[in-house]
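Geometric and topological summary
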Amino acid sequence: MSSPDENVRRVMDLCPGCSEDTGSSCLELCGNDVEKAVQKYVEIEEFLPPDPPSSDDSTPSQSSNDRNHEDEADALDEPPKDQRDSVEEDRPWMFKLLSLPVPTAFPSNGPQDPRIFELRELVGAILAGHLDADGVRNYLGCYDKETLDANLNAEIEGCPAMFYIVSTNDIGIIREWVKYGGNPNATWGHDALPLIAFSVLSGGQTLLQASRVLATLLRFGADPRVIPRAFYDPYCRDLPEDGPVQEELDDIGDDNKRWCTADLRVHLTEALTLTQRYDLYRSSKIQPHSGREKKLLARQGAGEVLGLHQMIVSQSIATRWLQRKLLVYLALQRKKPLILVFAGPSGHGKTELAKRFGDLMSLELQVVDCTIFKQDNELFGPRPPYSGHEDGSPLNNFLARKAGERCIVFMDEFEKTSKDIHNTLLLPFQDGRYEDRRNGRIVDCSKTIWILATNKLDDSIHDFCNANEKALFQTEEEDAQDKVVGKLCRQLRKEFIEQFDAPLGGRISEILPFLVFSPQESPVIVHKALMNFEAEVARRVRLTLNREEDVYVGNIVIRIKNDATVCCTIARDEYDKKTGARSIAQAVERIVQDPLTTLYLKNGDDFDENQPTSHFEINVNVDEEVEVRLVVR
């Protein structure tokens, strides 16, 4: 007779995804009969919480680039039941959406009759999880614009459909709904509750998810000014528990703020995080784009680039210049590549901006790590008749596959490249022509966007930031900033030519400087690292057949009390201008991750996917040090 442990392992082996606890429970219900336990698992599998997410930060969306890079955030674990229940009990004041019936049969590949738009059934299917972002896109793509305009912003029992869509906290679905005509400035009820206020107040499963939902709405044009300015300007401060004082609420009497009652202001204060306040502030400072700019980008399939500033923290100048250069490049329709240099210290957003730019352009991006390529034939592949020429190289084959199409090549640490690599790049940079190493054919790469990232000019950038701190970090005048940074760019262009020689330097379209983080923005980088950790430990604990897939640290809720003070303290003590966000990530590991994990491990006898939720609080103590505390409930 098999032992109980052996039977559990047999059930787990026969049922991929079955955890040790679930397998044990099924066996107990079935009298330790493996065959019946397997059948029982199959019956209940669809009702079990979702598996823990992979470690990548992805969101289902329209391109492989989106899936690879966007953050998105939608595949987070469902929290343990006691954790979800406590959230609902703590928010009895929250606006309640009508519970929609789940359609018994809903075609995921499109409507049965594209002449009929069943809004209630469609939203019900989305809420029930029958359609993901790809399914929503395919479904809405079957209708004409007139039908979509008439339905996507219609109401369901008095509430605009957009509110139901936002309640999914699925960025991919929200993105598709808005792209097809959903209104990010929708309001609900007599007092016109704005969609972004609903998003903030309802929150997400984690701080990270809630932050990304708000950022997505702002990126698509939601007006931050429907929230009283005092809640986010200045953003890097701890708000009073009851919200901003009356003297600060100079715009509370505006007609679009009728919803913001004294009671709701208390809840809004509690819900708003440092990152959300930063996103609202930054969005409120963006100058509106003209109709021509919007039309140009829309016709070129790059409309989402207008929201690029909402995708990364800091680097507003580099982001603004990138948008401006892209507009000129697309407007002139010239058949030549765009060659950009991202110059700045390590850890300050060069790679992040390149990836987000590719996401919003819906372009495939090829990343080249220049530290591993010393010679021309290593990067591009050997020429015939040398051995291996028929295989090409990743970059060679990418350029050949994307011939005549718009794409992005991101060359990281470009200063590590050699002279012969520079010589090979001269022709593609000048005329947009490249010779395929496999067969000698000429490849059209005139639409390729090349981004060369380098740390070679760091000393000049650090000196510039130190000498112009007031103009760069204490003013919001874009023209004044651009004038000062323009002088830096002229200097950097000269230095680039000195470092890489005139033939290559003369082919550069634009140099975009990445500056150090301002004293107000470095705490937001800290908060982002804290949100990433909070999302990681919100996962369900899980013991699986494969020990490498076990999740030991989970079922955890983290509260950051006085988040501005906490993040400012870490940033002040730990931010290093030479290593940027990496120094902050390492500090969060030492100051928050390690002590929290130690406390968690000491306060428990076993690992169980149904174990009670552990609550932790992060705050600054009387000695002005960041402290992690286990909260006993």
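Refer to the structure above for everything that follows.
Scope of this entry: the structure provided in the associated data block. (Residues numbered from 1 in each chain as written. Predicted model: local features only at pLDDT ≥ 70, side-chain atom pairs only at ≥ 80, totals over all residues. Heavy atoms only, no water.)

Each helix and strand in the protein chain was counted, giving 27 helices and 14 strands. For the protein chain, whose C-alpha radius of gyration is 27 Å, the value lies close to the compact-globule estimate of 26 Å for 633 residues. Viewed in the frame of its principal axes, the protein chain has a C-alpha envelope of about 75 × 70 × 65 Å. Every one of the 633 residues in the protein chain was classed for burial, and the buried ones make up 52%. Considering only contacts within the protein chain whose residues lie at least 6 apart along the sequence, 73% involve residues at least 24 apart. Counting only carbon and sulfur atoms, one obtains 46% of the accessible surface of the protein chain, whose full area is about 29700 Å². For the protein chain, the distance from the average site of its 74 positive side-chain charges to the average site of its 106 negative ones is 8 Å. (Helix = DSSP H or I, 4+ residues; strand = E, 2+ residues; numbered from the N terminus. Rg over C-alpha atoms; globule rule 2.2 N^0.38 Å. Buried < 20%, exposed > 50% of the residue type's maximum accessible area, 1.4 Å probe, protein only. Contact = heavy atoms within 4.5 Å. Areas by Shrake-Rupley, 256 points an atom, 1.4 Å probe, with all protein chains shown as cover. Lys, Arg positive; Asp, Glu negative; His and termini not counted. Charge placed at Lys NZ, Arg CZ, Asp CG, Glu CD.)

What follows is about the pairing of strand β10 (residues 448-454). Strand residues, when the strand is regular, have side chains that alternate between the two faces of the sheet. Extensive coverage of β10 is indicated by the burial of seven of its seven residues. Bridge count for strand β5 (residues 338-343) against β10 is six bridges, and the pairing is parallel. When the sheet's bridge partners are listed, Ile339 is paired in β10 with Trp450. Taken together, the five bridges between strand β7 (residues 407-412) and β10 define a ladder with parallel strand orientation. Within β10, the residue paired with Ile408 across the bridge is Ile449. (Pairing = 2+ DSSP bridges.)

Ordered by their spatial adjacency, five strands build an open sheet running β6-β7-β10-β5-β11, and the pairing between neighbours is parallel. Taken across any chain shown, the strands that pair with only one partner, and hence form the sheet edges, are β6 (365-369) and β11 (510-513). Each strand of the sheet is rotated relative to its neighbour by a mean of 20°, with strand direction disregarded. Inspection of the sheet shows β6 paired to β7 by five bridges, in the parallel sense. (Axes fitted to C-alpha atoms, helices over the stretch in contact; angles between N-to-C directions.)

If you look at the biggest cluster of nonpolar residues, it comprises 166 residues, and the most contacted ones within it are Trp177, Ile227, Phe342 and Met411. Setting aside residues up to four positions removed in sequence, Met411 forms contacts with Val368, Cys370, Leu379, Leu425, Trp450, Ile451, Leu452 and Ala453. (Core = buried A, V, L, I, M, F, W, Y, C linked by side-chain atoms within 4.5 Å.)

The next thing to look at is helix α7 (residues 133-140). A large share of α7 lies buried, amounting to six of its eight residues. Among all positions in α7, only Ala133, Gly135, Val136, Arg137, Tyr139 and Leu140 are buried. For α7, the secondary structure elements touched by its buried residues are α6 (119-127), α8 (145-151) and α10 (171-179). At the N-terminal end of α7, a side-chain oxygen is found 3.2 Å from the backbone nitrogen of Asp134, two or three residues along, and the residue is Asp132. (Polar contact = N/O pair within 3.5 Å; in protein donor to acceptor, adjacent residues only side chain to side chain.)

Right, let's talk about unusual backbone geometry for a bit. Cis geometry marks the peptide bond from Asp233 to Pro234; its omega dihedral reads 5°. Turning to its location among the elements, Pro234 is positioned in the loop between α12 (207-219) and α13 (262-271). Residue Pro385 follows Pro384 across a cis peptide bond; omega there is 10°. Along the chain, Pro385 falls in the loop between α18 (376-380) and α19 (394-401). Phi is positive for Asn169, which is not a glycine, with a value near 60°.

What follows concerns the packing of helix α25 (residues 522-537) against helix α26 (residues 563-574). Relative orientation of the contacting elements α25 and α26 amounts to 105°, with a least axis distance of 8 Å. Classified by the angle between their axes, α25 and α26 sit roughly perpendicular to one another. On the side of α25, the interface is formed by Ser522, Pro523, Val526, His527 and Leu530, while α26 contributes Asp563, Val566, Cys567, Cys568, Ile570 and Ala571. (Parallel < 35°, antiparallel > 145°, perpendicular 65-115°, else oblique.)

One pass over the structure, following the stated rule, counts 14 aromatic pairs. Ring centres 5.0 Å apart and planes at 45° place the aromatic pair Phe342 and Phe514 in the tilted group. In this pair, Phe342 is assigned in strand β5 and Phe514 in the loop between β11 and α25, connecting sequence segments 172 residues apart. Owing to a relative accessible area of 0%, Phe342 belongs among the buried residues under this scheme. Look at Phe514 and you get buried, because its relative accessible area is 0%. Taken together, Phe117, Tyr139 and Tyr143 form an aromatic cluster joined through their ring pairs. (Phe/Tyr/Trp six-rings, centres within 6.5 Å; stacked < 30°, edge-to-face > 60°.)

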